[in-house]
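The primary structure of each chain is shown beneath.
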Amino acid sequence: MPHGQQLSARMALLLRLTISTLCATGAYALLSCGGVPSAFSLQRNPTSRAVLCQRHPRIVYPLSRSRTAPLVLLLDREPRDDDKDVGSPKLLLSDFARIFSQAPATPATPQPDALTVWKSRAQQAAAPLLAAAANVKPLQILLGFGTALALVASSVAVTSSAISDFLAENQRGLVLERAILFGAILEDVNDAYVEQEVDIDRLFQTGVNAMLSSLDPYSTYENARQAEDLFLRTSGRYGGVGLTIGRDGDDVLVLGALEGFAFDAGVRAGDRILKIDNQPVRGLDLDRVKAMLRGEPGTNVQLLVQRDGATESDLALDLGRKLVRLPDIPLATEMRPGVGYIKLDGFTEGTADEMAAAIRNLALPDPDAAEAKPPLQALVLDLRDNPGGLLDAAVAVSQQLVPEGTHIVSTAGRVYGGEGSSLSYSSAKPPLLPPDTRLVVLVNRNTASAAEIVTGVVQDTDRGVVVGQRTFGKGLVQIVEPLPGGASLKLTVAKYYTPSGRCIQAMSYTPRGEERAVQIDGEDEDEDEMSSAYSNSIGKRVKDALRESFRTSNGRPVRSAGGIDPDIAVEPKAIGELERSLLQRGLFFKYAGEWLQQHAGAPQSQIRALDAAQESTYRDFVRYARAADAKAGTLAPHSRVLSEKLTALEKAIAASGDRQKSAREVQVLRQLLVEEDLAQFSSQKEAISADLREAVLARLTKPSARAASILSADPQVIAAVDLALDANKYSSLLAPPPSPSPLTTTAAAEPAAATAQLSSAQTVRTPQGRGVASSGARPSR
């Protein structure tokens, strides 16, 4: 049971115990004072809806509603002599509520006025009190007071003991103490800080995130706005027009338009939004602009945009708001006859449906096609730059690829599985992709989390071949817990394990201040203890020598930690220093707008002009980039790191005294670096020209068509498609490794070391029952 529910249940139990004790105490005190008859019966009055007391026949106890049978109240004690005349059924104090049973309604009689009724009832209510006061005895008062005091004391003792046990369990008392201290600090800051205006919400969020960042970089506090954005990322749905916007100075710039939504309405990347529903947006915060664009599906919004290269200066567009579904699969196409390609960008609530639709479109014949397409022989699943997403979505996608009953993933943690156990996910239905269809999974260094779950199950079950680079290595599971006020807590609660039993988590996180002898990238950590302690977590990458060895279904060796190693390593297209700098500074995107202004016209004519003047366009871009460098105050900002270090060296030389020769040599070195940077415009001309053409086409063509054209020059995609077509090479990569012969083992160069290594290993049973050699203990599966 979650901690919040445990607290509510225990506090409710304590409250019921206290109320019951106080009720019993009060009733006993009244009894000892003689204020309540010890035993009496309630009988129906034939003339009124009331009851009579046999011990005090003159006292009438009126009832508010009619019931059926007479009842008797007998307190928790033995009857006295004066109770013997009571012949009706008895009730204990625990059944006190039933005393208010009512007699059946009597025939209607004339009703007196309200004032007379209330006077009669007041007199009737005061009569027993006056009679009880006349019979009060001091000894009864003392006895009742002592009994009540004893009962209250015992109740307080029991309640205090229960609260103490509750607070002692799992350090709840310490948590409560620290929470009170944190609130006291916020109150002191709010009351006494030198500046009168203090943003308590910002301070609170900063403090909480600093606390959580000392655990790992994935545990965070999300305020109401961030929680809403997180929901949109995980659900993939919102009411709006399908635009991605950014800022260019004070202008609001369109960075992307979704097909089927804003793109179909005429919006293009690079458009500058001038007005939304006749309200100017220049200088407005982006959150405000997003709120103006979003709204109830079925409503409309008017945009006034400015487009570079358009025949009209300003364009008025009418966009209908819809339930926007952010696609996780931007492209699903046939690369070559019989070879399909699916680009999967994330894992949200609708990913499995998109994946199923993409597989069906590639595998099933098209009845409207002029020619029958060949059957699907192979599929390339591109998970590059996929940051992950929902665990359930990863499981749903995986079971479309692997046989029914296949173990997909396990999670182990204090919440997900408990100490020493785990939760296991397996495929519950037949795969959608035919088992004889070759599967190639394409990954890179940015493939993480849920994308690694899919990659891991494909590799561990030998369902397909993994191509590309080693993945990111995020083997942690987070949950999102809603908090009051619309905020949420994203907290790491478990690790996940692939079917072979390995955890691919690459980083181990240690709070600063607990361990200081840590090396990151070869540099000693020597920051001030007090200033940096617990400011964030220290990530230590697991060394390759410490990675444990596991086996796939066919016995192929795979390793834990450090991410997932590809079966075939293929590097991406190399990006030069100059090209990377131009991309980071957005010069391609900015020049595309200038080029379109110089070549106004229809999109098709602009594309033809771009292809016909590639050489002159490139020279003009070089001019544009050098002008941007000069405007930035440096001749070669693409060597920004070196330039900054040279500037620091020049300052140090000037401060050290008369070192004119050294200063001149630094200037010579700077000039040499500038010349080398400018020479890269020639050595990287082909790559820069391709980026330049892509930037212009991004404003003119559909995103899906542009993405398909890029794949033909992607070396990793080319390698994956070639492997998918080569059935023999594909099968050899998944084949079980040959068993070593005894002669080979005895003739090993270092038999003693090999024997020692085998003796130190232990056998871990995987979820499928396979024995796996492991050099360290793991959670039990």
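These numbers come from a predicted model, not from an experiment. Sequence order sets the numbering: in each chain, residues are counted from 1 along the sequence as written. Since the coordinates come from a predicted model, pLDDT governs what is reported: local features require at least 70, and pairs of side-chain atoms require 80 or more to be given and counted, while whole-chain, interface and lining totals use all residues. In computing side-chain values, all of the structure's heavy atoms are included and hydrogens and water are not.

Quick word on the nonpolar core
Rules: We call a set of buried Ala, Val, Leu, Ile, Met, Phe, Trp, Tyr and Cys residues a nonpolar core when their side-chain atoms join them within 4.5 Å. Working definition: with a 1.4 Å probe on protein chains only, accessible area under 20% of the residue-type maximum means buried, over 50% means exposed, and in between means partly exposed. Numbered from the N terminus, helices here are DSSP runs of H or I no shorter than four residues, and strands are runs of E no shorter than two. We call two residues contacting when some pair of their heavy atoms lies within 4.5 Å.
In this structure, Ile342, Phe347, Leu381, Leu383, Leu401 and Leu439 are the most contacted members of the largest nonpolar core, which totals 57 residues. Among the elements that line this core, the one with the most residues is helix H10 (residues 450–460), at six residues. The residues touching leucine 401, leaving out its near neighbours within four places in the chain, are Met355, Ile359, Leu381, Pro431, Leu433, Leu439, Val454, Val458 and Arg463.

Quick look at the pattern of salt bridges
To keep things clear, this is the line we draw: For this document, the term salt bridge refers to a Lys or Arg side-chain nitrogen within 4 Å of an Asp or Glu carboxyl oxygen.
Applying the stated criterion to the full structure yields 32 salt bridges. A salt bridge links arginine 272 to aspartate 251, with the shortest nitrogen-to-oxygen separation between them at 3.2 Å. Highlighted residues: arginine 272 in strand E9 (residues 272–276) and aspartate 251 in strand E8 (residues 251–257), separated in sequence by 21 residues. Judged by relative accessible area, aspartate 251 falls into the partly exposed class, the value being 22%. We note a salt bridge from arginine 619 to glutamate 615, for which the minimum N-O separation is 3.9 Å. Taken together, the residues span about one helical turn, with arginine 619 and glutamate 615 both in helix H15 (residues 614–631) at a distance of four residues. Residue glutamate 615 is classed as partly exposed on the basis of its relative accessible area of 40%.

Structural notes on the pairing of strand E17 (residues 407–412)
Rules: Here a strand pair is declared whenever DSSP counts at least two bridges between the two strands.
When you tally the buried positions in E17, you get six out of six residues, the bulk of the element. Sheet topology places E17 next to strand E18 (residues 423–426); four bridges connect them, and they run antiparallel. By the bridge assignment for E18, serine 410 is matched with serine 424. For E17 and strand E22 (residues 488–497), the ladder comprises three bridges, and the chain directions are antiparallel. Across the sheet, the residue bridging to serine 410 is tyrosine 497, located in E22.

With respect to the side chain of threonine 437
Tracing the backbone shows threonine 437 in the loop between E18 and strand E19 (438–443). Residue class for threonine 437 comes out buried when judged on its relative accessible area of 2%. With sequence-adjacent residues up to four places away left out, threonine 437 is seen in contact with Leu376, Gln377, Ala378, Leu379 and Arg463.

A look at helix H13 (residues 587–598)
Heads up, the condition is: Given the number of residues in a helix, its expected span is that number minus one, multiplied by 1.5 Å.
Its 12 residues place the ends of H13 17 Å apart at the C-alpha level, agreeing with the 16 Å of an ideal helix rising 1.5 Å per residue. Considered for burial, the residues of H13 that qualify are Leu587, Phe588, Tyr591, Ala592, Gly593, Trp595 and Leu596.

Side note on the confidence of the model for the protein chain
We apply this condition: Scored from 0 to 100, pLDDT records how confident the predictor is in each individual residue.
Of the residues in the protein chain, 72% reach a pLDDT of 70 or more, and the chain-wide mean stands at 77. This model gives residues 28–80 a pLDDT under 50, and the stretch forms 132 contacts once residues within four places in sequence are excluded. Note on residues 512–535: pLDDT is under 50 here. Beyond four places in sequence and across chains, it has 34 contacts.

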